[in-house]
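Notes for the structure review
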Amino acid sequence: MFATQRKQSIVLVLLTLMASMSFAFSSFAAAPTNIITYQGRLLNANSVPVSDTSLSMKFFLYTAVTGGTCVWSNSSATCDSNTPASTTARTVTLTSGLFTQNLGDTDDTFAAISDAYFAANSTMFLEVIIGSETLTPRRRLT
């Protein structure tokens, strides 16, 4: 009888220890990065997808649909101190006019996107520049 109680006590202690360790490890786990997947399709003047190629693109987050403050760019978590002209362009590959970019994915050399941008601004807008052409209007992030 005592042996059974002793085994149950050991099992209970081990389960408690495992639960405590699990909690401790989860407390130290890194928060996931904020990643916004953006997909696009580029068409030429005749509405035909741009052939397979690579283009220079820049991505920005603004606080307003026009004007506003630039808070993030693909190369700077501070939008290069709100100087978008300083942003480093990315080379983006198109396949049948289609492309996908994971904005904020630091594993893919994007600048991180802070939680603070969304906490401080009720709406955020994405601006994309392809080559020297700024796409308008900016796209609201929802």
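Throughout this description, residue numbers start from 1 for each chain and increase along the sequence as written. Residue-level local features of this predicted model are given only where pLDDT is at least 70; pairs of side-chain atoms are given and counted only at 80 or more, and the full residue set underlies all totals for whole chains, interfaces and linings. Note: side-chain values were computed over all heavy atoms of the structure, leaving out hydrogens and water.

1. Digging into the nonpolar core
One recurring pattern in soluble globular proteins: nonpolar side chains tend to sit buried together. Met57, Phe59, Trp72 and Leu103 are the most contacted members of the largest nonpolar core, which totals 20 residues. Numbering of helices and strands runs from the N terminus, with a helix taken as a DSSP run of H or I at least four residues long and a strand as a DSSP run of E at least two residues long. Within the residue set of this core, elements represented by two or more residues are strand 1 (36-41), strand 2 (53-62), strand 3 (70-73), strand 4 (90-94), strand 5 (98-103) and strand 6 (124-130). Here a residue-residue contact requires only that any non-hydrogen atoms of the pair lie within 4.5 Å. Other than its neighbours up to four places away in sequence, Leu103 contacts Asn34, Ile35, Ile36, Tyr38, Phe59, Trp72, Phe110, Ile113 and Leu126. Joining through side-chain atoms within 4.5 Å is the link that ties buried Ala, Val, Leu, Ile, Met, Phe, Trp, Tyr and Cys residues into a set, and such a set is a nonpolar core. Only protein chains enter the accessibility calculation, which uses a 1.4 Å probe; a residue whose area is less than 20% of its type maximum is buried, one above 50% is exposed, and one in between is partly exposed. One finds Phe60, Cys70, Cys79 and Ile129 within the second-largest nonpolar core, a separate group that totals five residues.

2. A look at the confidence of the model for the chain
pLDDT expresses, on a scale from 0 to 100, how confident the predictor is about each individual residue. On average, residues of the chain score 81 in pLDDT, and 77% of them reach the 70 mark or higher. Looking across the chain, the model is least confident in helix 1 (residues 2-28), with a mean pLDDT of 42, and most confident in strand 5, with 97. In the predicted structure, residues 4-27 sits below a pLDDT of 50 and forms zero contacts with residues beyond four places in sequence or in another chain.

3. Comments concerning the state of the cysteines
We call a pair of cysteine sulfur atoms a disulfide whenever their separation is within 2.5 Å. Evaluated as defined, the whole model comprises one disulfide. Covalent S-S linkage joins Cys70 and Cys79, the inter-sulfur distance amounting to 1.8 Å. Taking the torsion about the S-S bond as the criterion, the Cys70 to Cys79 disulfide, at about 80°, is right-handed. Taken as a pair, Cys70 and Cys79 share a single burial class, namely buried.

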